[in-house]
Amino acid sequence: MIAQGVRESRFLALYALAWAGSTIAYVPFLTLLLPMHVGGLAGGEAVRWLAATTFLGAIAASACNIAFGWMSDLAGRRRPFVLAGLLLSSVMLQIAPRMGTLLSLMVVIALWQVGLNMMLAPLSAWAGDQVPDRRKGLLGGLLAFAPASGALAGAVVTLGKALSLETRFAIVGLIIACCVLPLVILGKDGVAQPDARPTEGSDVARRVLKGMATRMWLARLLVQISEASLFAFLYLWLRSVDPTLADGAIARVLLTAMVIGALVALVAGGRADRTGQPVTPLILASAGAALGLIVMALASGRDGAIAGYILFGLSTSAFLALHSAHTLRVLPDSARRGRDLGLFNLTNTIPSLAMPALTLALVPSLGFGALFMVLAVLALCATALLLQMRRTA
């Protein structure tokens, strides 16, 4: 029993490092390095080209994530796909800064998305294969540190102003490899069954799990719409509240919310494992996100705005990480875990496609306050779904 616990802890550590690496694989690239490169190539048309690249990338990511997750299910192995995806995405990452035309860059970005999702989809399912249900709360807490790792990596590659774009891309690639390869080399592989349940395999149990998975999907989608909206427009909103607010101060607000959210998720996930109530922290986190949005909508000054965002940011950070871990508990078919997680990944990409329309419909005429109130209602709907799920469980 002690040996099993040691193996599980070892896998959790390797997996948390790999998941941080997978986040570093796209956060600095999409938020910093790609806009830099597109800006250099497109000049005044940079926004249009970047928007087109992001839109096509979201579509490619959605399709590839489902496809490669399903393929790893059928193969019964995750390691070969993660390694192949790491290699392909890393090669494309090093080629990207050397592209001298926008069209050639878009081709490279498309291939990078293929490689990235070849790595991400099986990697997501790998945790479900090897981490037992009784430790998935801890898993969720560890996953919450990944966004902060991505932000930190972005800060590292932009520290040296004299560094060339190619050097920055190379540094990111090296960090990714150092994070992901330990799991690829040392992690136990093989599609495994989840912890045994008393009624596992029965039609009733399968229907219950399917209903729970559907509610989880909808709840995440609702929260992700809020998170995607704030991710894109937080800077503009904070500057509208206080035009004197420095860029460095905004960056510190973002980092503070991420770090506190990760710590909250770690504590809440461990407690959920001990109490056997994994839905409770999700309910509290979604309600906290709604409250933060309401505070932001009503804020008239800098301090209130920042306080509201920190509450929202830490709540959504904890929610998304713990939600990812609990999803692994409720998927109805463990043999198709990779495919089903690919379908859950649509909750990450759909908001990126829908969010601009929602924002443009509300902000120009009614202001950010109206947007935040609508998003608060969506977060409260997620809370209601989760409350219903807890009563059903």
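Described below are features of the structure shown in this document. Here the structure is a predicted model, which means the values were calculated and not measured.

Let's shift gears to a nonpolar patch on the surface. Together, Leu 83, Leu 87, Leu 181, Ile 185 and Leu 186 line one region of the surface with nonpolar side chains, adding up to about 440 Å² of accessible area. For the nonpolar patch, the element with the most residues is helix α8 (residues 165–186), which contributes three residues. For Ile 185, the position within the fold is in helix α8. On the basis of relative accessibility, which here comes to 62%, the residue Ile 185 falls in the exposed class.

Under the counting rule described, the total for this entry stands at one cavity of 30 Å³ or more. Its volume calculated, the largest cavity comes out at about 50 Å³. If you go around the largest cavity, the residues you meet are Lys 136, Gly 137, Gly 269, Ala 272, Pro 278, Pro 281, Leu 322, Ala 325, His 326 and Arg 329. For the lining of the largest cavity, the secondary structure elements donating two or more residues are α6 (136–143), α10 (247–275) and α12 (302–330). Looking at the lining of the largest cavity residue by residue, the class counts come to five nonpolar, three polar and two charged.

Taken as a whole, this structure holds 10 salt bridges when the rule is applied. Asp 129 is the partner of Arg 78 in a salt bridge, and the nearest nitrogen-oxygen pair spans 2.6 Å. Of this pair, Arg 78 sits in the loop between α3 (46–75) and α4 (79–95) while Asp 129 sits in helix α5 (residues 102–130); the two residues are 51 residues apart in sequence, bridging distant segments of the chain. Put simply, Asp 273 and Arg 329 hold a salt bridge, and the shortest N to O gap is 3.2 Å.

Following both chains from N to C, one finds α6 and α12 inclined at 145°, their axes separated by 7 Å at the closest point. α6 and α12 meet at a crossing whose hand is right-handed. Contacts between α6 and α12 pair Lys 136, Gly 137, Leu 139, Gly 140, Gly 141 and Leu 143 from the former with Ala 321, Leu 322, Ser 324, Ala 325, Leu 328 and Arg 329 from the latter. The residue inventory of the contact of α6 with α12, partitioned by class, reads six nonpolar, four polar and two charged.

Moving on, we come to the packing of aromatic side chains. Pairs of aromatic rings are described using the distance from one ring centre to the other and the angle between the two planes. Tallied over the entire structure, the rule returns eight aromatic pairs. Ring centres of Phe 29 and Trp 112 lie 4.6 Å apart, and the angle between their planes is 70°; on these two criteria the pair is classed as edge-to-face. Of this pair, Phe 29 sits in helix α2 (residues 27–42) while Trp 112 sits in helix α5; the two residues are 83 residues apart in sequence, bridging distant segments of the chain. Exposure class is identical for Phe 29 and Trp 112. Each is buried. Cluster of aromatic residues (ring-pair linked, three or more members): Phe 11, Tyr 15, Trp 19 and Trp 126. The positively charged end of Arg 339 is found above the aromatic ring belonging to Trp 70, 5.5 Å away from the centroid.

Calculation criteria
- Residues numbered from 1 in each chain as written.
- Predicted model: local features only at pLDDT ≥ 70, side-chain atom pairs only at ≥ 80, totals over all residues.
- Heavy atoms only, no water.
- Patch = residues over 30% accessible without salt bridge, like charges linked within 9 Å, V, L, I, M, F, W, Y side chains within 5 Å.
- Areas by Shrake-Rupley, 256 points an atom, 1.4 Å probe, with all protein chains shown as cover.
- Salt bridge = Lys/Arg side-chain N within 4 Å of Asp/Glu carboxyl O.
- Helix = DSSP H or I, 4+ residues; strand = E, 2+ residues; numbered from the N terminus.
- Buried < 20%, exposed > 50% of the residue type's maximum accessible area, 1.4 Å probe, protein only.
- 1 Å grid on protein atoms, 1.4 Å probe; cavity = no way out; pocket = protein on both sides within 12 Å on 5 of 7 lines; lining within 4 Å.
- Points joined across faces, edges and corners; volume = space filled by probe spheres on them.
- Nonpolar A, V, L, I, M, F, W, Y, C, P; charged D, E, K, R; others polar.
- Axes fitted to C-alpha atoms, helices over the stretch in contact; angles between N-to-C directions.
- Left-handed = near helix turned anticlockwise from the far one by under 90°.
- Contact = heavy atoms within 4.5 Å.
- Phe/Tyr/Trp six-rings, centres within 6.5 Å; stacked < 30°, edge-to-face > 60°.
- Lys NZ or Arg CZ within 6 Å of the ring centre and 35° of its normal.

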